[in-house]
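What follows is the residue order along each chain.
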Amino acid sequence: MSQAISNPAVSPPGADKTILRAAAVQKFYRSGEETLSILRGVDLNVRTGEFIAIEGRSGSGKSTLLHILAGLDSPNGGTVQFNGVNIVAISDRNLAKIRNREFGFVFQFYHLLPELNVLENTMLSPMIEFSTLGFRARAADLRKRAADLLNQLGLGHRLKHRSSQLSGGERQRVAIARALMNDPKVLFADEPTGNLDFETGRQIMAVLEDLHRRQGQTIIMVTHDRSLALKADRVLILRNGKLERPGGASDTEKVPAPEED
Ligand code: ADP
Ligand code: MG
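None of the values given here were measured: they were computed from a predicted structure.

## Brief notes about the nonpolar core
The biggest cluster of nonpolar side chains holds 39 residues, and the ones touching the most others in it are Ile-176, Leu-187, Leu-208 and Met-221. For this core, the secondary structure elements donating two or more residues are strand 3 (51-55), helix 4 (118-122), helix 6 (132-152), helix 7 (168-180), strand 7 (186-190), helix 8 (198-215), strand 8 (218-223) and helix 9 (226-229). For this core, the element with the highest residue contribution is helix 6, accounting for 7 residues. In contact with Leu-187, not counting residues within four places along its chain, are Gly-104, Phe-105, Val-106, Ala-179, Leu-180, Leu-208, Leu-211, Gln-217, Thr-218, Ile-219 and Ile-220.

## Brief notes about the pattern of salt bridges
Applying the stated criterion across every chain yields a total of 12 salt bridges. When the shortest N-O distance is used, the salt bridge between Glu-129 and Arg-101 registers 3.3 Å. Within this pair, whereas Glu-129 is found in helix 5 (residues 124-129), its partner Arg-101 is found in helix 3 (residues 92-102), the two being separated by 28 residues in sequence. The partly exposed category is assigned to Glu-129, whose relative accessible area is 30%. Under the relative-accessibility criterion, Arg-101 is labelled partly exposed at 43%.

## Points about the packing of aromatic side chains
Taken as a whole and judged by the stated rule, the model has 4 aromatic pairs. Ring geometry for Phe-103 versus Phe-188: centroids 5.1 Å apart, planes at 80 degrees, classification edge-to-face. A residue pair is termed long-range when its members are at least 10 positions apart, and Phe-103 in strand 6 (residues 103-106) and Phe-188 in strand 7 qualify at 85 residues. With a relative accessible area of 6%, Phe-103 lands in the buried category. With a relative accessible area of 0%, Phe-188 lands in the buried category.

## With respect to the site of ligand 1
Contacts to ligand 1 come from Tyr-29, Ile-38, Arg-57, Ser-58, Gly-59, Ser-60, Gly-61, Lys-62, Ser-63 and Thr-64. The contact in question runs from an oxygen atom of ligand 1 to an N or O atom on the backbone of Ser-60, over 3.2 Å. Gly-61 has a polar backbone atom sitting 3.0 Å from an oxygen atom of ligand 1. Within the complex, 56% of the 560 Å² of free accessible area of ligand 1 lies under protein. The leading source of residues in the shell around ligand 1 is helix 2 (residues 62-69), at 3 residues.

## What to know about the side chain of Lys-27
One can find Lys-27 in strand 1 (residues 18-31). Looking at Lys-27, its side chain comes within polar contact range of the side chain of Asp-73, at 3.4 Å. Lys-27 has contacts with Leu-36, Ser-37, Ile-38, Leu-39, Thr-64, Ile-68, Asp-73, Ser-74, Pro-75 and Asn-76, leaving out every residue within four places of it along the chain.

## Quick look at the sheet that holds strand 2 (residues 34-47)
If you walk across this open sheet you meet the 4 strands as 2-1-4-5, and the pairing is antiparallel. If you trace the sheet from one side to the other, it starts and ends with strand 2 and strand 5 (85-86), each paired once. Taken together, the 11 bridges between strand 1 and strand 2 define a ladder with antiparallel strand orientation. Residue pairing for strand 2: Arg-30 is matched across the bridge by Thr-35.

## Some points on the pairing of strand 9 (residues 234-239)
Burial analysis of strand 9 places 5 of its 6 residues in the buried class, the great majority of the element. Pairing geometry for strand 3 and strand 9, over 4 bridges, is parallel. Note on strand 9: the bridge partner recorded for Glu-55 is Ile-237. Where strand 9 hands over to strand 10 (residues 242-244), the hairpin turn is made up of 2 residues, of which Asn-240 adopts a positive phi near 50 degrees.

## So, unusual backbone geometry
In this model, Ala-24 sits at a positive phi of 55 degrees, which is unusual for a non-glycine residue. Locating Ala-24 in the fold gives a position in strand 1. Judged by its relative accessible area of 38%, Ala-24 falls in the partly exposed class. The backbone of Tyr-110 shows a phi angle near 65 degrees, a positive value even though the residue is not glycine. Within the element layout of this structure, Tyr-110 appears in the loop between strand 6 and helix 4.

## Details of the pairing of strand 6
A two-sided burial pattern is seen for strand 6, the buried positions comprising Phe-103 and Phe-105 on one face and Gly-104 and Val-106 on the other. Judged from the 4 bridges that link them, strand 6 and strand 7 form a sheet pairing that is parallel. Opposite Val-106, over in strand 7, you have Ala-189 as the bridge partner.

What counts as what
Residues numbered from 1 in each chain as written. Chains lettered and ligands numbered in written order. Predicted model: local features only at pLDDT ≥ 70, side-chain atom pairs only at ≥ 80, totals over all residues. Heavy atoms only, no water. Core = buried A, V, L, I, M, F, W, Y, C linked by side-chain atoms within 4.5 Å. Buried < 20%, exposed > 50% of the residue type's maximum accessible area, 1.4 Å probe, protein only. Helix = DSSP H or I, 4+ residues; strand = E, 2+ residues; numbered from the N terminus. Contact = heavy atoms within 4.5 Å. Salt bridge = Lys/Arg side-chain N within 4 Å of Asp/Glu carboxyl O. Phe/Tyr/Trp six-rings, centres within 6.5 Å; stacked < 30°, edge-to-face > 60°. Near = heavy atom within 4 Å. Polar contact = N/O pair within 3.5 Å; in protein donor to acceptor, adjacent residues only side chain to side chain. Areas by Shrake-Rupley, 256 points an atom, 1.4 Å probe, with all protein chains shown as cover. Pairing = 2+ DSSP bridges.

What follows is the structure, given as structure tokens:
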């Protein structure tokens, strides 16, 4: 926040509704003598309520970038500001708080625990975050929240089923419910339909579009599939370690995104 005040050229956080801002993000992997440069200076501005798709080929660094934006991985250079706080530079403890309270993440392979039922899987994050006693004190509210979300996602009749008994599309709905438990400011989705057949994938996309349109959910999705990317408000291409607009220009502030209506 002080960074914004000390630099009059930068508007204060929130003034332009920017919720997430990445600047000059770099990531490389070293293996022996070689350095594999995956992200070579990624800039991205995400506004509250936007649905952004990042499209790129397999291996282009989409998952790496999404993990860095969501604080699940750290970059070798650059900054990622969430509401004006550079999450790259804060303590693990504070980062964990932001991840738990402000972000939701949906993975391609669901990452559910097969031995837990649908309701328990949905409540996984608060079950981990709070101590047993802390969880017990909140259990009734959390159960209600989880059941409401699962109902909305069409899984109200499966609450007590183990996740291993569900189809792929149902599993991804549980994963979406789990990601929405904390009413996240930003929902990250990594190829959320990548493991599903066409029709089931279409239904999962419809869930995301609905969340965005009806509830104003901010979403950042990565995909290798152009037809899925086109469901978003704005498409960016990850190519050669940088984000480009489909026309080729980079995602800088010089070209502002369209105003929300
Ligand atoms: P995408 O999601 O676009 O398919 P990834 O972000 O998963 O791409 O990976 C980008 C590149 O980085 C790939 O070439 C991958 O092999 C490499 N990579 C990812 N993680 C590691 C790692 N931990 N060590 C070395 N290379 C990695
Ligand atoms: Mg990936």
